[in-house]
Amino acid sequence: MTVRRRREAALRRLKTRLRRTAWSGGAVAALALALVWRSVWPYVVGVILVGLLGAIGWWLRKTHLHAVTRHRAWQTEEENAARERSMAEVDAMTWQRFERYVAELCRRDGCTQVVVSGRSGDLGADVIGRMPDGRLLVIQCKHYAPHRTVPSGDMQKFLGTARAEHGADVAVFVATCAFTREAEKLAMKHDILALHRNLLGAWVRGATLESLLPLNGTGSGTGDTGNGRTGRRP
């Protein structure tokens, strides 16, 4: 017990000395600051002000970035909602009305001589017209349910007739759903615009057909078509 008490007493004395040293050091620092305060106070105040301004600037920047991020997210949600509202109207159309609607979009974008086939045996040419620059436009339309996909077989049939049978300069396969990966690969390889549901939504909401063409391969129909022909102008 005597050894333990001695240790506790030594520890108490050590703590007491540390407290005295700390108080003494604080007092000396305070005295030194008081003696030189007249000469250093502008710098101290300057450092404090710089720190405050930096903190305020950081807070404002963080708040601005947060607001910009929220606005962009809201804008994206609104655009997606508007696209879906528009596509809901398209989904409610019959396939005949959908073909006429695609023709209306073509005319809106400056296409001329736009004709809707509206019959079976059209060899994939549901809508035919001329681009604003005169190139021959051939469109295949598929009004499928949104959850479906356009298979590669449908794309093969279209690419087999769009240019060989109709002499298309610009070939577009527009659908109210997505395309399978194989169908998309065929479209890119043979310079056919695969206008899937999202791109159709953009077209419905005001994007021009001309602006959408480059989004699938070269898209313009002016390059090599894979059969030795190049896109032609009338």
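In case you missed it, the structure is sitting above this.
A brief look at the structure comes next. The model shown is predicted, which means the values in this text are computed figures rather than measured ones.

## Observations regarding the packing of helix H3 (residues 152-161) against helix H4 (residues 181-189)
No. 1: Interhelical geometry of H3 versus H4 gives an angle of 20° and a closest axis separation of 8 Å. In terms of orientation, H3 and H4 fall into the roughly parallel class. The hand of the H3/H4 crossing is right-handed. Contacts between H3 and H4 involve Ser152, Met155, Gln156 and Leu159 from the first element and Glu182, Ala183, Leu186 and Ala187 from the second.
No. 2: Taken together, the residues that form the contact of H3 with H4 break down as five nonpolar, two polar and one charged.

## Quick word on unusual backbone geometry
No. 1: Despite not being glycine, glutamine 113 has its phi angle at roughly 55°, a positive value.
No. 2: With respect to the helices, strands and loops of the structure, glutamine 113 is situated in strand E1 (residues 112-116).
No. 3: Although it is not a glycine, aspartate 191 adopts a positive phi angle of roughly 60°.
No. 4: Among the secondary structure elements, aspartate 191 is positioned in the loop between H4 and strand E7 (192-195).

## Considering the sheet that holds strand E5 (residues 170-175)
In a beta sheet, neighbouring strands are held together by backbone hydrogen bonds and run either parallel or antiparallel to one another.
No. 1: One open sheet holds the five strands; their spatial order is E1-E2-E3-E5-E7, and the pairing between them is mixed. The open sheet has two free edges, formed respectively by E1 and E7, since each of these has just one partner strand. Between one strand axis and the next, the sheet turns through 15° on average, direction left out of account.
No. 2: Here E5 runs beside E7; their pairing, made up of four bridges, is parallel. Note that in E7 the partner of valine 174 across the bridge is leucine 195.
No. 3: Against the sheet, H3 engages strand E3 (136-142), E5 and E7, with an angle of about 155° to E5.

## As for the environment of valine 174
No. 1: Residue placement: valine 174 occurs in strand E5.
No. 2: For valine 174, a relative accessible area of 0% corresponds to the buried category.
No. 3: Valine 174 sits 75 residues away from glutamate 99 along the chain, and the two C-alpha atoms are 9.7 Å apart.
No. 4: Residues contacting valine 174, with those up to four places away along its chain left out, are Phe98, Val102, Ile139, Gln140, Cys141, Lys142, Leu195, Leu200 and Trp203.

Quick notes on the rules
- Residues numbered from 1 in each chain as written.
- Predicted model: local features only at pLDDT ≥ 70, side-chain atom pairs only at ≥ 80, totals over all residues.
- Heavy atoms only, no water.
- Axes fitted to C-alpha atoms, helices over the stretch in contact; angles between N-to-C directions.
- Helix = DSSP H or I, 4+ residues; strand = E, 2+ residues; numbered from the N terminus.
- Parallel < 35°, antiparallel > 145°, perpendicular 65-115°, else oblique.
- Left-handed = near helix turned anticlockwise from the far one by under 90°.
- Contact = heavy atoms within 4.5 Å.
- Nonpolar A, V, L, I, M, F, W, Y, C, P; charged D, E, K, R; others polar.
- Pairing = 2+ DSSP bridges.
- Buried < 20%, exposed > 50% of the residue type's maximum accessible area, 1.4 Å probe, protein only.

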